[in-house]
Amino acid sequence: MWHIIVSSLPEMIGAMLQFTIPLAIISFIFGLILAVLTALIKFIEPSENKALRYPWLALRAIANFYVWLFRSTPLLVQLFIIFFGLPSIGIQLPAFLAAVIGFSLNTGAYASETIRSALLSVPQDQWDAAYTLNFTTRQTLMKVVLPQAVRIALPPLSNSFIGLVKDTSLASSITILEMFQVSQQITAKNYQPLLMYSLAALLYAIVCSLLSWLQHYLERRTSKYVKGGQN
Amino acid sequence: MISAKHINKQYDGKTVLNDISVDFPDGKTTVILGPSGSGKSTLLRSLDMLVRPESGTVSFPDIEVDYSKPISKKDSFNLRRKTSMVFQNWNLFPNLTVLENITTAPITVLKRSKNDSELLAKQLLKEVGLEGLEDRYPSQLSGGQQQRISICRALAMHPEYILLDEPTSALDPELETQVLRILEKLCEQGQSMIIVTHNMEFARLVSDKIVFIEDGNKLYDGDTKDFFNHPTQRIKDFLSGISLDEETDSIK
Ligand SMILES: Nc1ncnc2c1ncn2[C@@H]1O[C@H](COP(=O)(O)OP(=O)(O)OP(=O)(O)O)[C@@H](O)[C@H]1O
Ligand SMILES: [Mg+2]
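Analysis parameters
Residues numbered from 1 in each chain as written. Chains lettered and ligands numbered in written order. Predicted model: local features only at pLDDT ≥ 70, side-chain atom pairs only at ≥ 80, totals over all residues. Heavy atoms only, no water. Helix = DSSP H or I, 4+ residues; strand = E, 2+ residues; numbered from the N terminus. Buried < 20%, exposed > 50% of the residue type's maximum accessible area, 1.4 Å probe, protein only. Contact = heavy atoms within 4.5 Å. Areas by Shrake-Rupley, 256 points an atom, 1.4 Å probe, with all protein chains shown as cover. Lys, Arg positive; Asp, Glu negative; His and termini not counted. Charge placed at Lys NZ, Arg CZ, Asp CG, Glu CD. Arc of directions from axis to C-beta. Pairing = 2+ DSSP bridges. Axes fitted to C-alpha atoms, helices over the stretch in contact; angles between N-to-C directions. Phe/Tyr/Trp six-rings, centres within 6.5 Å; stacked < 30°, edge-to-face > 60°. Lys NZ or Arg CZ within 6 Å of the ring centre and 35° of its normal. 1 Å grid on protein atoms, 1.4 Å probe; cavity = no way out; pocket = protein on both sides within 12 Å on 5 of 7 lines; lining within 4 Å. Points joined across faces, edges and corners; volume = space filled by probe spheres on them. Near = heavy atom within 4 Å. Polar contact = N/O pair within 3.5 Å; in protein donor to acceptor, adjacent residues only side chain to side chain. Buried area = accessible area lost by both parts, 1.4 Å probe. Salt bridge = Lys/Arg side-chain N within 4 Å of Asp/Glu carboxyl O. Nonpolar A, V, L, I, M, F, W, Y, C, P; charged D, E, K, R; others polar. Right-handed = clockwise from strand over helix to strand, strands pointing away. Parallel < 35°, antiparallel > 145°, perpendicular 65-115°, else oblique.

*Asks:* Just to check I follow, could you spell out the overall build of chain A for this structure?
*Replies:* A tally of regular secondary structure across chain A gives eight helices and zero strands. Ordered by position in the sequence, the α and β elements of chain A form the string α-α-α-α-α-α-α-α. Put simply, chain A has 231 residues, and 43% of those count as buried. Residue pairs in contact within chain A that sit at least 24 positions apart in sequence constitute 72% of those at least 6 positions apart. Looking at chain A as shown, the accessible area adds up to about 12300 Å², and 68% of this sits on carbon and sulfur atoms. Averaging the coordinates of the 15 positive side-chain charges in chain A and doing the same for the 9 negative ones gives two points 5 Å apart.

Written out as structure tokens, the structure reads:
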């Protein structure tokens, strides 16, 4: 048994470092950027200035449609459409890029709601205090509201990230040789499904545990101002 | 002087301020009194655009804002430069240290240097007896300390008027006294203030002028002495309604 583990581990860890982890990290970063933009578009009320009001409302409609679309359809179907479907209208994407796009859009849709609810959880009192000091909406967001919202959003965002790491196994279905796909290939040769898939599970668990630890660290750092918060 | 004219404010069709016109003289302390829900906070917040009345004007000698018209960013900035609000629950920024709470607005809004802003903040903290707390977070301090810090935060913007909405209602008597002493001192220094309070003793002590409102209507606007010495029947009822001794008398 040890022999099998030792001989297949390098290949699996290799796939993890080459595909699973980069896919998760890159997609999460893009997803997060998309999520913050989408959340702000939905959160900030349109200005009274007509020239700005209608473009903003249009952006809002797009944001709403985007979130609806990606939350209402399965991730696997989204990946299939992007990788197998788009070529028929002339858009041929490399598998890795297709996966990054699919995972980013999916993560962004969910995370935008997390961020929006974190923004909403900062009390109106904080806006009043900032406005009486003559902060603009933007300054209030940057100095007061976003820093507080980050603390609130951290645990659910960590959930999304951990979920994303595990969901990268779906990339195998669009021909990416990520870690789970590699474990399947090895199983096909050595007929040890229990061992190989358990090994894959263990590797996912190790990565996700590291992420949970990172979450704790970030929570402590962002909670130092809260009563009973560490530091 | 702040001159509010014909202020009308409704919430869901219910009139909360009914054609209120009041002047708030500078260098003086004006106290706004009235029963709960009468519109005191709404009136105070209208002066700072935290509430948008449907109509009415708020004017200073050099600027006027007309609520029935769209208000430009510049006008709203200039109006808010004139005043700073101190809130019932102080509303400090929990993510910023005491020092940052006071310096962030001067630095970001007024573009003052960090150094000058910190010097000013430290001096203000000293005046309210809180030197040495610069690096703490608000959650580590008592309500009385937090409220004194929020007064420093307002003063650091050098507004012409400080607006205070029940600044001590959320405090125990001992902590309340700490805050009231500071307000008394500001009053002696000639700081223009408008205070909503339920503390009659304090109102009588510091105010030069009383505005009494009920159900969105202004029922009194004038000298503090007259208000307490020659009250109308309605004011008598109000004053006895909130003082314990007279209430027991009337029950007997
Ligand atoms: N955002 C709001 N939406 C709807 N109604 C409101 C709102 N704010 C205030 N009101 C109503 O307006 C009226 C006046 O409220 P306001 O807060 O000005 O009273 P107040 O005199 O400050 O009372 P208190 O002494 O309790 O603070 C009340 O009837 C209140 O319910
Ligand atoms: Mg009030």
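Once you've had a look at it, read on.
*Asks:* Sorry if this is basic, but what is going on with helix H3 (residues 75–85) of chain A here?
*Replies:* Residues that lie three or four places apart on an α-helix share one face, since the helix turns once every 3.6 residues. Taken as a whole, H3 of chain A has its buried residues at Leu75, Gln78, Leu79, Ile82 and Phe83 of chain A. Summarising the axial view, the buried residues of H3 of chain A lie within an arc of 110°, below the 170-degree limit, and thus occupy one face.

*Asks:* Please clarify how the sheet that holds strand S7 (residues 161–165) of chain B should be interpreted in this entry.
*Replies:* Sheet strands line up and pair through hydrogen bonds in the backbone, either parallel or antiparallel. Residues and elements named next belong to chain B. The strand order S6-S7-S8-S3-S9-S10 describes an open sheet built from six strands, whose pairing is mixed. Only two strands of the sheet have a single neighbouring strand rather than two, namely strand S6 (83–86) and strand S10 (217–223). Neighbour to neighbour, the strand axes of the sheet diverge by 15° on average, direction disregarded. When strand S3 (residues 29–33) meets strand S8 (residues 192–196), the two strands line up parallel, connected through four bridges. Looking across to S8, one finds that Thr30 is bridged to Ile194.

*Asks:* Please explain the packing of aromatic side chains as it appears in this structure.
*Replies:* Each aromatic ring pair is characterised by the separation of its centres together with the angle its planes make. For the structure on display, the rule yields 17 aromatic pairs over all chains. Relative to Tyr217 of chain A, the ring of Trp213 of chain A has its centre 6.4 Å away and its plane inclined at 15°; by these criteria the two rings are stacked. With Trp213 of chain A and Tyr217 of chain A both in helix H8 (residues 193–222) and four residues apart, this pair spans about one turn of that helix. One cation-aromatic arrangement involves Lys9 of chain B over Tyr11 of chain B; the distance from NZ or CZ to the ring centre is 4.8 Å. The ring of Phe93 of chain B carries the charged tip of Arg153 of chain B above its face, separated from the ring centre by 4.7 Å.

*Asks:* For this particular structure, what's the right way to read the layout of surface pockets?
*Replies:* Taken as a whole, the largest pocket spans an internal volume of roughly 1400 Å³. In this structure, the largest pocket is lined by 28 residues; those nearest its centre are Glu45, Ser47, Tyr131 and Thr137 of chain A together with Lys73 of chain B. Listing elements by their share of the lining of the largest pocket, those giving two or more residues are helix H2 (50–71), helix H5 (124–132) and helix H6 (137–167) of chain A together with helix H2 (73–82) of chain B. Put simply, the parts of the chain that give the lining of the second largest pocket at least two residues each are helix H1 (2–43), helix H4 (95–121), H6 and H8 of chain A. The leading source of residues in the lining of the second largest pocket is H6 of chain A, at nine residues.

*Asks:* Sorry, what's going on with the sheet that holds strand S1 (residues 2–11) of chain B here?
*Replies:* All names here are of chain B. If you walk across this open sheet you meet the four strands as S2-S1-S4-S5, and the pairing is antiparallel. At either margin of the open sheet sits one strand with a lone partner, and together these are strand S2 (14–24) and strand S5 (63–66). Averaged over all adjacent pairs, the angle separating strand axes in this sheet is 15°, with direction ignored. When S1 meets strand S4 (residues 55–60), the two strands line up antiparallel, connected through four bridges. Its bridge partner being in S4, Ala4 is matched across the sheet by Val58. Against the sheet, H2 makes contact with S4 and S5, and its axis sits at roughly 115° relative to S5, the strand it touches most.

*Asks:* Help me out: how do you make sense of the site of ligand 1 in this one?
*Replies:* Residues and elements named next belong to chain B. Ser36, Gly37, Lys40, Ser41 and Thr42 are the nearest of the 13 residues found near ligand 1. For ligand 1, an oxygen atom lies 2.8 Å from a polar atom in the backbone of Gly37. A distance of 3.2 Å separates an oxygen atom of ligand 1 from a polar side-chain atom of Glu166. Among the elements that line the shell around ligand 1, the one with the most residues is helix H1 (residues 40–46), at three residues.

*Asks:* Looking at this structure, how should I read the interface of chain A and chain B?
*Replies:* Many structure descriptions define interface size as the accessible area lost when the parts assemble. At the junction of the two partners, chain A supplies 20 residues and chain B supplies 27 residues. For the pair chain A and chain B, the summed buried area comes to about 2100 Å², and 56% of that belongs to carbon and sulfur atoms. For the interface between chain A and chain B, the tally reads one salt bridge. The salt bridge partner of Asp128 of chain A is Arg45 of chain B, with a shortest N-O separation of 2.6 Å. Of all elements in the fold, only H5 and H6 of chain A reach the threshold of two or more residues within the side of chain A that touches chain B. Of the residues forming the side of chain A that touches chain B, the biggest block, seven residues, is contributed by H5 of chain A. In the side of chain A that touches chain B, the residues fall into nine nonpolar, five polar and six charged.

*Asks:* Is there a simple way to explain the pairing of S8 of chain B in this structure?
*Replies:* Remember that side chains alternate between the two faces of the sheet whenever the strand is regular. Residue and element names in this part refer to chain B. Most of S8 sits out of view: five of its five residues are buried. Neither face of S8 is open: one carries Ser192, Ile194 and Val196, the other Met193 and Ile195, and all of them are buried. Sheet analysis places S7 next to S8, joined by five bridges and oriented parallel. Counterpart to Leu164 in the pairing with S8 is Ile195. With helix H6 (residues 173–188) bridging S7 and the parallel S8, this β-α-β connection has right-handed handedness.

*Asks:* Teacher, can you tell me more about the packing of H6 of chain A against H8 of chain A here?
*Replies:* Residues and elements named next belong to chain A. In the contact formed by H6 and H8, the axes pass within 10 Å of each other and the chain directions differ by 170°. If you check the angle between H6 and H8, you find them roughly antiparallel. For the pair formed by H6 and H8, the contact residues are Val150, Arg151, Leu154, Pro155, Ser158, Phe161, Ile162, Val165 and Lys166 on the first element and Tyr204, Val207, Cys208, Leu211, Ser212, Gln215, Leu218, Glu219 and Thr222 on the second. When its residues are assigned to classes, the contact of H6 with H8 shows 11 nonpolar, four polar and three charged.

*Asks:* In this structure, what is going on with unusual backbone geometry? I would like to understand it.
*Replies:* Glycine aside, residues mostly have negative phi, and peptide bonds are mostly found in the trans state. With phi around 50°, Asp19 of chain B is a residue other than glycine that occupies positive phi space. Relative to the helices and strands, Asp19 of chain B is located in strand S2.

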